[in-house]
Amino acid sequence: MTEYVLQGTMFSYYTAKTRAYLNCKRIPYVETYDGLLLNGPIKEKTHKVMIPVLQGPEDEVLQDTTVINDVLEARYPERPIFPQPPELMFITRLVEFFIDEFWITTAMNTRWNDAVSKQFAIHEFGNVLGRSFGLEGEAAFEIGHKIADQMQSYLPMLGIDDESNREIVDAFFRKASHALNLAVGPQRFAFGRRPSLIDCILYTGYYAHQYRDAGQAQIVMKRELPNLCYFLDQIHAGQGVAIAGDLEMTEAFEQYLKVIGPTCASFAAATQHAVAERLSNVNVGEVCDGVLSPYEFELDGQKFSRGGSVFAAWKLQRVRDAYDRVGDDAREQLDQLVVNIGWAEVLADVPSFRLDRVDHQTTLESI
């Protein structure tokens with residue numbers, strides 16, 4: 001008997017993480033999209049219309065992939081997906097911050113700044129979202145166009161509304177993806193021979209947009225990144241993936257971290273500074289969710305500017321917390337890796353605030 005309902009879609013960036021997690025854990029679920037439910041009873045509980053949402057027993061509603069996975073891992077400790085060594089959990093949280101909060105820039109770029117991918121997405125939106133409201137034909141696809149317009153309105157905030165920035169982002173997408181292609185493949189995952197949470201996160205970064213959307217990014221992946229494509233297929237069919245075996249940092253994955261690390265660190269530092277300014281007039285206990293105006297950082301050594309969110313700082317806080325849980329026996333080796341991937345200064349700069357998540361919202365816990 002199915003216990004969970006995943007409200008999401010195949011073309012949703014973030015739904016992918018929860019789908020991969022549920023598959024790897026072998027937790028029974030069905031995936032659907034019910035627009036009326038999301039805009040009605042679920043919105044009343046989560047304060048927003050956003051996917052994925054996981055509906056559980058006794059009217060339980062979980063929103064946000066990070067929270068969903070945390071709750072389920074504690075609830076179902078068998079067949080663990082979270083890596084046990086604290087140093088690997090730190091790397092997992094770092095990559096989660098990168099994929100969830102920054103890499104979405106590359107996904108939005110390949111979808112909405114590519115005419116073929118854009119048209120593909122509009123039809124996907126109309127087919128799934130329009131029909132979830134009982135619409136057919138042109139009426140259904142009109143919904144697709146409306147949502148496409150809404151999504152494209154975010155491009156200036158993400159810094160990808162002009163050609164020069166699009167070229168910077170596209171070059172970084174190719175560089176990072178080629179590095180990841182050398183680290184994963186057939187029966188080869190981020191931390192060795194079996195998948196863990198970090199692999200669900202990496203699947204999130206590629207599956208919905210760059211792997212599925214018909215466009216140039218998909219062509220690049222199919223022609224130039226065969227190992228990464230094979231890896232995505234394995235995670236997508238996670239119920240057939242072996243789960244036994246030890247996890248460890250691999251040399252190839254460390255090289256990937258060296259490619260993404262400096263950009264991720266620069267974005268993290270800039271986000272923390274911007275959020276600190278945003279919270280200067282917020283009282284402890286208050287809800288402080290919101291979008292931040294664009295701020296500057298270095299994207300692969302080049303100046304770049306895009307917006308962020310207070311929520312992103314909460315995700316960064318989880319990276320710090322994971323680092324603090326690493327014991328002295330593993331800290332020396334980890335600190336060398338931290339230096340090698342450009343994160344030493346970020347971790348040394350302790351923020352002046354602490355955030356919490358209460359009732360599906362980000363709140364200021366302390367200053």
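In this text, all values refer to a predicted model and were calculated from it rather than measured experimentally. (Residues numbered from 1 in each chain as written. Predicted model: local features only at pLDDT ≥ 70, side-chain atom pairs only at ≥ 80, totals over all residues. Heavy atoms only, no water.)

### As for helix H6 (residues 115-132)
- For H6, spanning 18 residues, the distance from its first C-alpha to its last is 26 Å, which sits close to the expected 26 Å at 1.5 Å a residue.
- On its buried face, H6 sits against helix H2 (35-39), helix H5 (86-112) and helix H7 (137-152).
- By the N-cap criterion, in which a side-chain oxygen at the helix start approaches the backbone nitrogen of a residue two or three places on, H6 is capped by Asp-114, the distance to Val-116 being 2.9 Å.
- Once H6 finishes, Gly-134 follows within two positions and takes phi at roughly 80°, a positive value. (Helix = DSSP H or I, 4+ residues; strand = E, 2+ residues; numbered from the N terminus. Expected span 1.5 Å × (residues − 1). Contact = heavy atoms within 4.5 Å. Polar contact = N/O pair within 3.5 Å; in protein donor to acceptor, adjacent residues only side chain to side chain.)

### Things to note about the pairing of strand S8 (residues 361-366)
- Pairing geometry for strand S7 (residues 354-358) and S8, over 5 bridges, is antiparallel. Across the sheet, the residue bridging to Asp-356 is Thr-363, located in S8.
- Hairpin geometry of S7 and S8 is characterised by an intervening segment of 2 residues between the two adjacent antiparallel strands and by a positive phi of about 55° at Asp-359. (Pairing = 2+ DSSP bridges.)

### Some remarks on the confidence of the model for the protein
- For the protein, the average pLDDT comes to 93, and 99% of its residues sit at 70 or higher.
- Within the protein, H5 carries the highest mean pLDDT (98), whereas H7 carries the lowest (87). (pLDDT = per-residue confidence, 0-100.)

### Structural notes on the sheet that holds strand S1 (residues 4-7)
- Here 4 strands make up an open sheet; going across it, the order is S2-S1-S3-S4 and the pairing mixed. Lying at the two open borders of the sheet, with one neighbouring strand each, are strand S2 (29-32) and strand S4 (60-63). Averaged over all adjacent pairs, the angle separating strand axes in this sheet is 20°, with direction ignored.
- Pairing geometry for S1 and strand S3 (residues 53-56), over 3 bridges, is antiparallel. Following the sheet pairing, Leu-6 is matched in S3 by Leu-54.
- Most of the contacts of helix H1 (residues 15-25) go to S2, to which it runs at about 160°, and overall it touches S1, S2 and S3.
- On top of the sheet, helix H4 (residues 65-75) reaches S1, S3 and S4; it is set at about 125° to S4, its chief contact. (Axes fitted to C-alpha atoms, helices over the stretch in contact; angles between N-to-C directions.)

### Some details on the packing of aromatic side chains
- A full pass over the atoms with the stated rule returns 26 aromatic pairs.
- Each ring, one from Phe-98 and one from Phe-172, has its centre 6.4 Å from the other, and the planes form 80°; the classification is edge-to-face. Of this pair, Phe-98 sits in helix H5 while Phe-172 is found in helix H9 (residues 163-181), placing the two residues 74 residues apart along the sequence.
- Looking at Phe-172, the relative accessible area reads 1%, which means it is buried.
- Linked through ring pairs, Phe-97, Phe-98, Phe-102, Trp-103, Phe-172, Phe-173, Tyr-206, Phe-267, Tyr-295, Phe-297 and Phe-304 together constitute an aromatic cluster.
- Its end group placed over the ring of Tyr-323, Arg-331 keeps NZ or CZ at 4.2 Å from the ring centre.
- Against the face of Trp-314 rests Arg-357, its NZ or CZ located 5.7 Å from the ring centre. (Phe/Tyr/Trp six-rings, centres within 6.5 Å; stacked < 30°, edge-to-face > 60°. Buried < 20%, exposed > 50% of the residue type's maximum accessible area, 1.4 Å probe, protein only. Lys NZ or Arg CZ within 6 Å of the ring centre and 35° of its normal.)

### Digging into H9
- Compared with the 27 Å implied by 1.5 Å per residue over 19 residues, the 27 Å span of H9 between its first and last C-alpha is a close match.
- Turning to H9, its buried residues number three or more, namely Asn-165, Ile-168, Val-169, Phe-172, Phe-173, Ala-176, Ser-177, Ala-179, Leu-180 and Asn-181.

### Side note on the environment of Ile-42
- Mapped onto the elements of the fold, Ile-42 is located in helix H3 (residues 41-46).
- Residue class for Ile-42 comes out buried when judged on its relative accessible area of 3%.
- A sequence separation of 156 residues divides Ile-42 from Ile-198, and the C-alpha atoms of the two residues are 28 Å apart.
- Ignoring anything within four residues of it in the chain, the contact list for Ile-42 reads Gln-7, Leu-37, Val-53, Gln-55 and Val-61.

### Remarks on the packing of H9 against helix H12 (residues 226-236)
- The N-to-C vectors of H9 and H12 enclose an angle of 70°; their axes lie 7 Å apart at closest approach. Looking at the two axes, H9 sits roughly perpendicular to H12. Between H9 and H12, the contacting residues are Ser-177, Leu-180 and Asn-181 on the first element and Pro-226, Asn-227 and Leu-228 on the second.
- Residue composition of the contact of H9 with H12, by class: 3 nonpolar, 3 polar and no charged. (Parallel < 35°, antiparallel > 145°, perpendicular 65-115°, else oblique. Nonpolar A, V, L, I, M, F, W, Y, C, P; charged D, E, K, R; others polar.)

### Looking at the side chain of Thr-105
- Counting through the fold element by element, Thr-105 comes out in helix H5.
- For Thr-105, a relative accessible area of 0% puts it in the buried group.
- Not counting residues up to four positions away in its chain, the partners in contact with Thr-105 are Leu-158, Ile-160, Val-169 and Arg-306.

### Points about the environment of Gly-261
- Residue placement: Gly-261 occurs in helix H13 (residues 251-278).
- Judged by relative accessible area, Gly-261 falls into the buried class, the value being 0%.
- C-alpha of Gly-261 to C-alpha of Ile-341: the two residues are 80 residues apart in sequence and 4.7 Å apart in space.
- In this view, Gly-261 contacts Ile-341 and Trp-343; residues no more than four positions away in its chain are not counted.

### Quick word on the environment of Pro-351
- Within the fold, Pro-351 resides in the loop between helix H16 (344-348) and S7.
- Assessed through its relative accessible area of 23%, Pro-351 is described here as partly exposed.
- Residues Pro-351 and Glu-296, spaced 55 residues apart in sequence, show a C-alpha to C-alpha distance of 18 Å.

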